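Residue strings, one per chain:
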Amino acid sequence: MSAYPVPFEIPVDAPRSGVIRVRFRHTDRFTIIGNHLAQHPSLSAAAIGLGVHIQSLPEGADCTVKTLTNRFTEGEITIRRALNELVVEGYLERHRVPLGGGRFATRIVSYDKPGCGLPVRRAAAPVEPEPEPGPAEAVPDDVLPPESADLPCGPAVGLLARLRTVDSRLLLPWRDVLRLAPAVERWLARSATPAQVTRTLTAGLPPAHVPIHHPGRFIEHRLGALMPPPLSAAPPPAAAEGPAPLITCDGCDRAFRSHDPDAVCADCQAAAAD
């Protein structure tokens, strides 16, 4: 019996027993299925059929138990058992994906062949022999730090080098110490003490958990932005204000006050005028 009314004539060279296949070359709407699934020795007929169906679905198609139960005549229990068989044999994988708010979704991954898509271990590349060590290349003098005897000594250099004792994030390389020393010397020339300079440069630092990636630039900015103004020259001491000293008049021996030690009293000045 056939679903088509046209009878099929068995070819003369057909096998005497077993199935007779009538070939057709598909050009559209077909799926390539491996015999490892279609002829799997241990999967049930339901699992093989369900595996073939899932591999024929497009990417992103819904293949939940509810959808598959509505699609086929088999019941939910049979569908679940078939899916579990495919999971055990490596054709399917279930992944729980968090959606937020305590919700999760189950994503199904289908493999055309168990193990495909997994990274393949490649043979380790042959290790090339290390080249023979040649003569050491000379390092430019401007890259090496100067010896301690060559470092300029002074309050400015010592102040910058000791900033790391206040905060470890202010550890300055020797290049920055030499570059910033003239700016510190200008502070000291403006009558700022080393303690005042250190306190100004280290006040209000970022919180301890915040790194200072470029301490040299950080100190350079503060040295320029917070530099105090120069002090003006001290004015000469003003003359002492107060009453004139007491002196004795040479004409009448009367005492009176005057800044002139040779002055005479007012009565003697009037008598001399007459």
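Conventions we followed
Residues numbered from 1 in each chain as written. Predicted model: local features only at pLDDT ≥ 70, side-chain atom pairs only at ≥ 80, totals over all residues. Heavy atoms only, no water. 1 Å grid on protein atoms, 1.4 Å probe; cavity = no way out; pocket = protein on both sides within 12 Å on 5 of 7 lines; lining within 4 Å. Points joined across faces, edges and corners; volume = space filled by probe spheres on them. Helix = DSSP H or I, 4+ residues; strand = E, 2+ residues; numbered from the N terminus. Nonpolar A, V, L, I, M, F, W, Y, C, P; charged D, E, K, R; others polar. Expected span 1.5 Å × (residues − 1). Buried < 20%, exposed > 50% of the residue type's maximum accessible area, 1.4 Å probe, protein only. Contact = heavy atoms within 4.5 Å. Arc of directions from axis to C-beta. Patch = residues over 30% accessible without salt bridge, like charges linked within 9 Å, V, L, I, M, F, W, Y side chains within 5 Å. Areas by Shrake-Rupley, 256 points an atom, 1.4 Å probe, with all protein chains shown as cover. Salt bridge = Lys/Arg side-chain N within 4 Å of Asp/Glu carboxyl O. Lys, Arg positive; Asp, Glu negative; His and termini not counted. Charge placed at Lys NZ, Arg CZ, Asp CG, Glu CD. Phe/Tyr/Trp six-rings, centres within 6.5 Å; stacked < 30°, edge-to-face > 60°. Lys NZ or Arg CZ within 6 Å of the ring centre and 35° of its normal. Axes fitted to C-alpha atoms, helices over the stretch in contact; angles between N-to-C directions. Parallel < 35°, antiparallel > 145°, perpendicular 65-115°, else oblique.

A. Representation of empty space enclosed by the protein in the model. Overall, the coordinates contain two cavities of 30 Å³ or more when judged by the stated rule. In this structure, the largest cavity is lined by Leu37, Gly51, Ile54, Gln55, Leu86, Tyr91, Leu92, Ser110 and Tyr111. It is helix 2 (residues 45-56) that contributes the most residues to the lining of the largest cavity, three residues altogether. The class makeup of the residues in the lining of the largest cavity is six nonpolar, three polar and no charged. Approximately 30 Å³ is the volume found for the second largest cavity. Around the second largest cavity, the lining residues are Leu83, Val87, Leu92, Glu93, Arg94 and Ile108.

B. Just helix 7 (residues 174-189), in detail. Compared with an ideal rise of 1.5 Å per residue, which puts 16 residues at 22 Å, helix 7 spans 23 Å between its outermost C-alpha atoms and is within 8% of the ideal. For helix 7, every residue scored as buried is listed here: Asp176, Val177, Leu180, Ala181, Ala183, Val184 and Trp187. Residues of helix 7 that are buried in the fold lie against helix 5 (155-161), helix 8 (194-202) and helix 9 (215-225). Just downstream of helix 7 lies serine 191, where phi reads positive at about 70°.

C. Structural detail: helix 9. Residues Pro215, Gly216, Ile219, Arg222 and Leu223 constitute the buried set of helix 9. Axial view of helix 9: buried residues confined to an arc of 135°, hence all on one face. Facing away from the buried side of helix 9 by over 90 degrees, the exposed positions are Arg217, His221, Gly224 and Ala225. Tucked into the core, helix 9 has its buried residues touching helix 5, helix 6 (163-166), helix 7 and helix 8.

D. Local environment of the environment of histidine 214. Examined against the element boundaries, histidine 214 turns out to sit in the loop between helix 8 and helix 9. Put simply, histidine 214 and arginine 169 are 45 residues apart on the chain and 9.1 Å apart in space, counted from C-alpha to C-alpha.

E. Fine view of a nonpolar patch on the surface. A cluster of nonpolar residues, Phe8, Ile10 and Val22, forms a patch on the protein surface that exposes about 340 Å² of accessible area. Mapped onto the elements, phenylalanine 8 comes out in the segment before helix 1 (35-38). The class for phenylalanine 8 is exposed, based on a relative accessible area of 51%.

F. Just a negative patch on the surface, in detail. A contiguous patch of negative charge on the surface is contributed by Asp250, Asp253, Asp260 and Asp262. Inspection of the secondary structure assignment puts aspartate 260 in the loop between strand 4 (255-257) and helix 10 (266-273). Assessed through its relative accessible area of 40%, aspartate 260 is described here as partly exposed.

G. Just the packing of aromatic side chains, in detail. If you walk through the whole model with that rule in mind, you get zero aromatic pairs. The side chain of arginine 71 reaches across the aromatic face of phenylalanine 72, ending 4.7 Å from its centre. The aromatic ring of phenylalanine 104 is capped on one face by arginine 96, whose charged end is 4.7 Å from the ring centroid.

H. Spatial organisation of the layout of surface pockets. Its volume calculated, the largest pocket comes out at about 660 Å³. Breaking the lining of the largest pocket down by element, the ones donating at least two residues are helix 2, helix 4 (76-88) and strand 2 (103-110). Looking at the lining of the largest pocket, the element that brings in the most residues is strand 2, giving five residues. Taken together, the residues that form the lining of the largest pocket break down as nine nonpolar, six polar and six charged. Within this model, the second largest pocket holds a volume of roughly 200 Å³. Taken together, Arg21, Val22, Arg23, Phe24 and His26 form the lining of the second largest pocket.

I. Quick peek at the packing of helix 2 against helix 4. Between helix 2 and helix 4, whose axes approach to 8 Å, the crossing angle comes to 75°. One way to sum up the angle between helix 2 and helix 4 is to call them roughly perpendicular. Of the residues in helix 4, those touching helix 2 at Ala46, Ala47, Leu50, Gly51 and Ile54 are Thr78, Ile79, Ala82, Leu83, Glu85 and Leu86. Each residue belonging to the contact of helix 2 with helix 4 can be placed in one class, and the counts come to eight nonpolar, two polar and one charged.

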